[in-house]
Amino acid sequence: MQTLGDLRTHFWKTVSMGKTCGVDLQAAIREGILTEADYADAITRCRGCPEPESCRKWLLDHDRADAPPEFCTNRALWTELMAG
């Protein structure tokens, strides 16, 4: 069984990755683009990330990004939400 990372830490990483990629998660939920279950799933995928240290460093190095990093477990979600 896979060990998941700290919920609070990965909640904030998910929010930070969204902001860095120009995605407003709360607006996406309000507009019906993203469900609360999708949001929870994104946090859970983040918690299972095999490269949390790479993510931390990437977020520190990027204020804005045109694309999420290749290693991001939520890359498909961010790409979809960035495309509108």
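Up top you'll find the structure we're talking about.
Cut-offs used in this document
- Residues numbered from 1 in each chain as written.
- Predicted model: local features only at pLDDT ≥ 70, side-chain atom pairs only at ≥ 80, totals over all residues.
- Heavy atoms only, no water.
- 1 Å grid on protein atoms, 1.4 Å probe; cavity = no way out; pocket = protein on both sides within 12 Å on 5 of 7 lines; lining within 4 Å.
- Points joined across faces, edges and corners; volume = space filled by probe spheres on them.
- Helix = DSSP H or I, 4+ residues; strand = E, 2+ residues; numbered from the N terminus.
- Nonpolar A, V, L, I, M, F, W, Y, C, P; charged D, E, K, R; others polar.
- Salt bridge = Lys/Arg side-chain N within 4 Å of Asp/Glu carboxyl O.
- Buried < 20%, exposed > 50% of the residue type's maximum accessible area, 1.4 Å probe, protein only.
- Contact = heavy atoms within 4.5 Å.

This part is about empty space enclosed by the protein. What the rule picks out here adds up to one cavity of 30 Å³ or more. Roughly 80 Å³ of internal volume is contained in the largest cavity. When residues of the lining of the largest cavity are traced back to their parent elements, those giving at least two are α1 (7–20) and α4 (52–61). The element that contributes the greatest number of residues to the lining of the largest cavity is α1, accounting for four residues. Among the residues forming the lining of the largest cavity, the class breakdown is eight nonpolar, four polar and one charged.

Here the focus is the pattern of salt bridges. One pass over the structure, following the stated rule, counts two salt bridges. R56 serves as the salt-bridge partner of E53, at 2.6 Å between the closest nitrogen and oxygen. Taken together, the positions of E53 and R56, both in helix α4 and three residues apart, correspond to about one turn of that helix. The partly exposed category is assigned to E53, whose relative accessible area is 39%. Notably, a salt bridge pairs E70 with R75, separated by 3.2 Å at the nearest N-O pair. What makes E70 exposed here is its relative accessible area of 65%.

On to the side chain of H10. By the secondary structure assignment, H10 is in helix α1. Of the residues examined, H10 reaches a relative accessible area of 5% and is grouped as buried. Ignoring anything within four residues of it in the chain, the contact list for H10 reads G5, I43, C46, R47 and P52.

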